[in-house]
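# A closer look at the structure
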Amino acid sequence: MRTKGLVRLVVGGALVLASSGCAALSHGFANAAGPVAADQRHLFVVLACVLVFVAGPVLLLVPLFAWHYRLSNTRHAYRPNWSFSWPVEALIWIPPTAIVIGLAVLLWHHTIRDDPYRPLPGRSPVEVQAIALDWKWVFIYPGQGVASVDRLTIPVGRPVRIRLTSGTVMQSLMIPQLAGQVYAMAGMTTQLHIMASRPGTFRGANTQYNGDGFAHQRFDVVALPAGAYDRWLTQARGANRPLDAATWRRLSARSVIAQPVVFSSVTPQLFDRVVAQAGDHGHKKDHR
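First things first, this report covers the structure right here in the doc. Here the structure is a predicted model, which means the values were calculated and not measured.

The residue after aspartate 134, namely tryptophan 135, is reached through a cis peptide bond having omega 0°. Along the chain, tryptophan 135 turns up in the loop between β1 (126–133) and β2 (136–141). For asparagine 240, which is not glycine, the phi torsion reads 55° and is therefore positive. Its place among the elements puts asparagine 240 in the loop between α4 (226–237) and β11 (242–243). Owing to a relative accessible area of 69%, asparagine 240 belongs among the exposed residues under this scheme.

With that settled, the discussion passes to the pairing of strand β9 (residues 200–206). Sheet analysis places strand β6 (residues 171–175) next to β9, joined by 2 bridges and oriented antiparallel. Residue methionine 174 lies in a different strand from β9, and its bridge partner there is alanine 205. Relative to strand β10 (residues 218–224), β9 runs antiparallel, the two being bridged by 6 bridges. The partner of alanine 205 across the bridge, within β10, is arginine 218.

Moving on, we come to the pattern of salt bridges. In this structure the tally under the stated criterion is 3 salt bridges. Two residues, glutamate 127 and arginine 161, come together in a salt bridge whose shortest N-O distance is 2.7 Å. Highlighted residues: glutamate 127 in strand β1 and arginine 161 in strand β5 (residues 160–166), separated in sequence by 34 residues.

Moving on to α4. Taking 1.5 Å per residue as the helical rise, α4 with its 12 residues ought to reach 16 Å, and the 17 Å between its terminal C-alpha atoms agrees with that figure. Of all the residues in α4, the buried ones are Ala228, Tyr229, Trp232, Leu233 and Ala236. Each buried residue of α4 lies within a common arc of 145° when the element is viewed along its axis, so the set occupies one face. For α4, exposure combined with an orientation more than 90 degrees from the buried face picks out Arg231, Thr234 and Gln235.

The rules we used
Residues numbered from 1 in each chain as written. Predicted model: local features only at pLDDT ≥ 70, side-chain atom pairs only at ≥ 80, totals over all residues. Heavy atoms only, no water. Helix = DSSP H or I, 4+ residues; strand = E, 2+ residues; numbered from the N terminus. Buried < 20%, exposed > 50% of the residue type's maximum accessible area, 1.4 Å probe, protein only. Pairing = 2+ DSSP bridges. Salt bridge = Lys/Arg side-chain N within 4 Å of Asp/Glu carboxyl O. Expected span 1.5 Å × (residues − 1). Arc of directions from axis to C-beta.

In structure tokens, the structure reads:
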């Protein structure tokens, strides 16, 4: 009975790990839904192949050498005074040097190509302002005059330019299926350019620990076709829920909201005010 219980535990644990691994792959850049994440996936595959080429000979030759020069093998000479060989030196230095140079060129190219500040080609981007709070994300659409909390809605096939800041401590926004992580810091602004290649709902999160509600600071990125995105904007403007000063004070308090919220209007220059207030607060603290 004890053996059967152990077998069940092992099998159950293996199934849980397998299912969690599949979920991680489906929500990560391996299942890319945009050009940036697709480029990151391509780079990852290339680097993995190169690293297999580097590690493969080591993993194969170490046990082979250990077996060949075992104590019982007396038919092969042991030469403790052997000191130098040009072929061995060339094998040791030339391939690693070529690999390092090749990876440097490759990574340099992709670093420029996937720079989060680099605009993506296509139509004029949708402007979004993201404010990190404890423990929620506020997304403002300045061109459309609406905002949302813990849900970012974007059109498919159109670039999106996100300006980020934090109303509290430093945080990090990451949408694995669309792009890598970018930090949001109080009193400063950073940028991230993304684009969805297909409709869907993708996971986003804060990856920088910031207290008790860190594990719950997640949000959905909903990519909609152009017509559905326009209808969403129309519904958002008709929600009759303004993001005014009083609402912002309540929203800024530390809390985890139960479900996403959409605001039909936003206090003008709210994003710039958050940046300025956080910067002024930090400046005053530095001069105390």
